[in-house]
Amino acid sequence: MTLKINRYLWLGAAVAVLQSGALYAMVAQHASILRNGTDITLLSEPVDPHDLLRGDYVTLGYGISSLEAGKVSGTPPAVDGMTDIYVTVKQGDDGAWIFSAASWQKREELQAGEIQLRGRTMSYTNATVYHQLRVTYGIERYYVPEGQGRVIESQQRERKIEAVIAVSPSGDAQIRALKDDGNVLYEEPIY
């Protein structure tokens, strides 16, 4: 009987360790991108400021969130469905980063001053050259203190809110901060 109880205790402890390890890995990946990623600034547009379960947030859209299929180089996926897409940006004259190129495959050689982001999009094998691809990067939602989502949304109507994005060498992105006219509104802690 004692052997059976000990087995359950060990099994329970093993499950707890695995779950804790998975949570730690997610936080460590997020912190690694913020700590070591290259910063770029994108102009953004908040859309919806509240989630009943998690509080206020700002949904952000970017100029690189919608691309014409004809501007994507490389071999398109053979089947329809969600797929990776690699979008290259470069710094514009105003300091904001803008679209430079896009590819279905990761580009190994980038020009000086270019950064590549890995996004996800729906691929259509019969898409026309002018078909718009909606690209997501995992940086479309940013949580803010309770009651601040609508404030940022109203500020957005008057002027552009900038999102400072940390990009890892593999192209994964995390929001580092939101800025209004160069002033930091919110900054993500590294943990």
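Our subject is the structure that appears above.
Residues numbered from 1 in each chain as written. Predicted model: local features only at pLDDT ≥ 70, side-chain atom pairs only at ≥ 80, totals over all residues. Heavy atoms only, no water.

With that settled, consider the overall build of the protein. When its secondary structure is counted, the protein shows two helices and 13 strands. Here the protein holds 191 residues, and the buried ones make up 40% of them. When contacts within the protein are restricted to residue pairs at least 6 apart in sequence, those whose partners lie at least 24 apart make up 65%. Surface exposure of the protein reaches about 11600 Å², of which carbon and sulfur atoms provide 55%. (Helix = DSSP H or I, 4+ residues; strand = E, 2+ residues; numbered from the N terminus. Buried < 20%, exposed > 50% of the residue type's maximum accessible area, 1.4 Å probe, protein only. Contact = heavy atoms within 4.5 Å. Areas by Shrake-Rupley, 256 points an atom, 1.4 Å probe, with all protein chains shown as cover.)

Below, the discussion takes up a nonpolar patch on the surface. On the surface, Tyr8, Leu11 and Val15 cluster together into a nonpolar patch covering about 310 Å² of accessible area. By the secondary structure assignment, Leu11 is in helix H1 (residues 2–36). Its relative accessible area of 51% is what places Leu11 among the exposed residues. (Patch = residues over 30% accessible without salt bridge, like charges linked within 9 Å, V, L, I, M, F, W, Y side chains within 5 Å. Salt bridge = Lys/Arg side-chain N within 4 Å of Asp/Glu carboxyl O.)

With that settled, the discussion passes to unusual backbone geometry. A positive phi angle is found at Asp181, which is not glycine, with a value near 55°. With respect to the secondary-structure elements, Asp181 resides in the loop between strand S12 (173–180) and strand S13 (183–187). The class of Asp181 is exposed, set by a relative accessible area of 67%.

This part takes up the sheet that holds strand S4 (residues 66–68). Strand order in the open sheet formed by six strands is S4-S9-S8-S6-S7-S5, and the pairing between neighbours is mixed. The open sheet has two free edges, formed respectively by S4 and strand S5 (72–73), since each of these has just one partner strand. Here strand S8 (residues 114–123) pairs with strand S9 (residues 132–136) via two bridges, running antiparallel. Considered in S9, the bridge of Arg120 is made with Thr136. (Pairing = 2+ DSSP bridges.)

Once that is clear, we can look at the pairing of S9. With burial as the criterion, only one face of S9 is covered, namely that bearing Leu133 and Val135; the residues Gln132, Arg134 and Thr136 on the opposite face remain uncovered. Across three bridges, the pairing between S4 and S9 is antiparallel. What sits directly across from Leu67, in S9, is Leu133.

This part takes up the pairing of strand S7 (residues 97–103). Two elements, S5 and S7, share two bridges in a ladder whose sense is parallel. When the bridges of S7 are listed, Val72 appears paired with Ala102. Of the strand pairs in this sheet, strand S6 (residues 81–91) and S7 are connected by six bridges, and their pairing is antiparallel. Across the sheet, the residue bridging to Thr88 is Ala101, located in S7. A loop of five residues connects S6 with S7, the two strands running antiparallel in sequence, and Gly95 in this loop sits at a positive phi of about 95°.

Below, the discussion takes up the environment of Lys179. Relative to the assigned elements, Lys179 resides in strand S12. Put simply, Lys179 and Glu162 are 17 residues apart on the chain and 5.0 Å apart in space, counted from C-alpha to C-alpha. In this view, Lys179 contacts Ile161, Glu162, Val164, Val184 and Leu185; residues no more than four positions away in its chain are not counted.

What follows is about the nonpolar core. Counting residues in hydrophobic clusters, the biggest one holds 32 residues, and the most contacted among them are Ile40, Tyr62 and Ile165. Contributions of two or more residues to this core are made by strand S1 (38–46), strand S3 (55–62), S6, S7, S8, S9, strand S11 (161–167) and S12. At four residues, S11 tops the list of elements feeding residues into this core. When sequence neighbours within four positions are dropped, the list of residues in contact with Ile40 reads Val89, Trp97, Ile115, Leu117, Ala163, Val164, Ile165 and Val167. (Core = buried A, V, L, I, M, F, W, Y, C linked by side-chain atoms within 4.5 Å.)

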